[in-house]
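One letter stands for each residue in the lines below.
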Amino acid sequence: TGGVITIDPGYKNTGSCQSGITFLDGEKGVLRYRGYAIEDLAEKADFLEVAYLLIFGELPTKEQLEKFHKDIKKESVVDDDVKKILDAFPKSAHPMGVLASLTNALTAFNPSSVNVDSEEDMYKAIVKILGKFPVLVAWTMRKKQGLPLDYGDSSLGYVENVLKMMFKQPNEAYTLNPIVVNALDKLLILHADHEQNCSTSTVRIVGSSHAGLFASLAAGISALWGPLHGGANQAVLEMLEGIRQDGGDTKKYMAKAKDKSDPFRLMGFGHRVYKNFDPRATIIKKAADEVLGDLGVEDPILDIAKGLESEALEDKYFVDRKLYPNVDFYSGIIYRAMGIPTEMFTVMFALGRLPGWIAQWREMRLRKEPIGRPRQVYIGENHREFKNISNR
Ligand code: SDX
């Protein structure tokens, strides 16, 4: 329209949309999904129930939840051709790269995820991806471990079967540990949505061109992978492990984090919106103590994390910048205690965030949002005459 263009790096002060899905109050550390407090949902609901709430806007009745799960189970198989693509990856491939590729491949094998102009077609695509994604998550891990791939046991619950597909060893009985099931269910709920974060904004903008649901999710997976975003949970464990191997000297790393000439940041600290405790970090920190205690796991990394946290909470640099532990600071400690490899941590974040991405994508399509296409302030060269190569 030729109006004034204001630049807002990282969109720190830009609202990209109106949404009724998730509410954050960064000053007060409040997080609600469709109006329900995250503390209530983490304690009283299960992950599939929360997925239904995020996507359709209401807590499901028993019958609605049963039908939702039944529809999802029907889709919990993956085309053999997708399996061939998985087999083509070298063991060294990072699981997030594998997951993004396989999710994109699903689009090629399931065109129905593209033409979703009807609510009915959208529902079909939604249950399809909710059925297939956990299989891809489990198979990505099994592939790295050189273990056989299977579909687990369809009589199990949604989260239970993810664990079975991930951990069942060949020719061994597999018993679900309720501590691990509850811990994973809670972690997935805590990761399920977070308004217009980097990966969700990516899913929305890709979907705004009317690219299919699966292709939009594949883009979100790539955005989540970054260490400033979901990749932080892996970076936190690598940081803590580094501190442990370096003798556990947290003060040295605190100094590095404050030294502007040093690119090192305290991973798992700080947040674009929360200028108070991330309510999810509070719940996860408590869960980490409980899970490690119940599993009888003594992990020196947890003590280092707590040491770093208490130092940062009293340090002027962190206090002045309102840098608190975020969702990624403690989650990896629980995943590690559950036997999940560090490289799989961000994949677990993606599994949790899947319903949120779907909900946000569906809202964007139902609200018929225009294609995302921001402007710029041009700072390049003025018009120049072309020069033939012989004159350059
Ligand atoms: C997630 O957006 C979401 O909701 C994301 C998420 C979700 O659920 O989707 O919550 C999940 O991504 C959590 C964040 C995980 N990332 C990390 O833990 C990486 C470490 N944290 C940061 O890099 C940083 O805090 C961000 C990326 C989280 C936020 O970055 P901002 O909002 O762009 O803030 P900034 O980089 O401008 O920092 C402001 C100041 C700077 O110092 P000054 O220039 O003012 O002197 O704080 C400093 C930064 O240098 N700072 C840090 C720091 N984080 C910010 N200094 C040291 N260590 C840190 N971790």
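Residues numbered from 1 in each chain as written. Predicted model: local features only at pLDDT ≥ 70, side-chain atom pairs only at ≥ 80, totals over all residues. Heavy atoms only, no water.

Undergrad: A description of the UniProt feature "active site" (unreviewed entry) in the protein chain should follow, citing residues and the corresponding values.
TA: Cross-referencing UniProt, the feature "active site" (unreviewed entry) maps to His271 and Asp328 in the present numbering. The largest pairwise C-alpha distance within this set of annotated residues, which runs over 58 residues, is 10.5 Å, so the set is compact in three dimensions. Locating His271 in the fold gives a position in the loop between helix 12 (250–258) and helix 13 (279–295). Residue class for His271 comes out partly exposed when judged on its relative accessible area of 22%. Residues within four places of His271 in sequence aside, it is in contact with His194, Asp278, Arg280 and Asn326. A polar contact is formed between the side chain of His271 and the backbone nitrogen of Val273, at a distance of 2.9 Å. Within the fold, Asp328 resides in helix 16 (residues 327–337). Relative accessible area serves as the criterion here: at 6%, Asp328 is assigned to the buried category. Those residues in contact with Asp328 that sit more than four places away from it in its chain are His229, Gly230, Ala232, Asn233, Val236, Gly268 and Phe349. (UniProt positions renumbered as here; feature names shortened; annotations may be inferred. Helix = DSSP H or I, 4+ residues; strand = E, 2+ residues; numbered from the N terminus. Buried < 20%, exposed > 50% of the residue type's maximum accessible area, 1.4 Å probe, protein only. Contact = heavy atoms within 4.5 Å. Polar contact = N/O pair within 3.5 Å; in protein donor to acceptor, adjacent residues only side chain to side chain.)

Undergrad: Requested: an account of the packing of aromatic side chains, with residues and values cited.
TA: Within this structure, the stated rule accounts for 13 aromatic pairs. Relative to Phe68, the ring of Phe56 has its centre 5.8 Å away and its plane inclined at 85 degrees; by these criteria the two rings are edge-to-face. Linking Phe56 in helix 2 (residues 47–56) with Phe68 in helix 3 (residues 62–74), this pair joins segments that are 12 residues apart in sequence. Overall, Phe56 belongs to the partly exposed group, its relative accessible area being 23%. Aromatic pair Tyr317 and Phe318: ring centres 5.2 Å apart, planes at 65 degrees, arrangement edge-to-face. A single burial state applies to Tyr317 and to Phe318, both of which are buried. Through pairs of rings, three or more aromatic residues link up here, namely Phe269, Tyr317, Phe318, Phe329 and Tyr330. (Phe/Tyr/Trp six-rings, centres within 6.5 Å; stacked < 30°, edge-to-face > 60°.)

Undergrad: Report on the site of the ligand, specifying residues and quantitative values.
TA: Taken together, 25 residues lie around the ligand, and His194, Arg265, His271, Arg272 and Arg280 are the ones closest in. Separating a nitrogen atom of the ligand from a backbone N or O atom of Leu266 is a distance of 2.8 Å. Within the backbone of Phe269, an N or O atom sits 2.8 Å from a nitrogen atom of the ligand. Summarising the interface, the protein chains cover 79% of the accessible area of the ligand, which totals 1100 Å² for the free molecule. Tallied by class, residues from the shell around the ligand come to 10 nonpolar, seven polar and eight charged. (Near = heavy atom within 4 Å. Areas by Shrake-Rupley, 256 points an atom, 1.4 Å probe, with all protein chains shown as cover. Nonpolar A, V, L, I, M, F, W, Y, C, P; charged D, E, K, R; others polar.)

Undergrad: Let's hear about a positive patch on the surface: which residues, and what values?
TA: On the surface, Lys12, Lys260, Arg265, Arg272 and Arg321 cluster together into a patch of positive charge. Residue placement: Lys12 occurs in the segment before strand 1 (22–25). Its relative accessible area of 54% is what places Lys12 among the exposed residues. (Patch = residues over 30% accessible without salt bridge, like charges linked within 9 Å, V, L, I, M, F, W, Y side chains within 5 Å. Salt bridge = Lys/Arg side-chain N within 4 Å of Asp/Glu carboxyl O. Lys, Arg positive; Asp, Glu negative; His and termini not counted. Charge placed at Lys NZ, Arg CZ, Asp CG, Glu CD.)

Undergrad: Mind laying out helix 3, listing which residues take part and the relevant values?
TA: With 13 residues, helix 3 extends 19 Å from end C-alpha to end C-alpha; this agrees with the ideal 18 Å at 1.5 Å per step. Restricting attention to buried positions, one finds in helix 3 the residues Leu65, Phe68, His69, Asp71 and Ile72. The arc enclosing the buried residues of helix 3, seen along the axis, measures out at 160 degrees, which places them on a common side. Along helix 3, exposed side chains directed more than 90 degrees from the buried face belong to Lys62, Glu63, Lys70 and Lys74. Looking at the buried side of helix 3, the elements it contacts are helix 2, helix 6 (119–145) and helix 7 (158–167). (Expected span 1.5 Å × (residues − 1). Arc of directions from axis to C-beta.)

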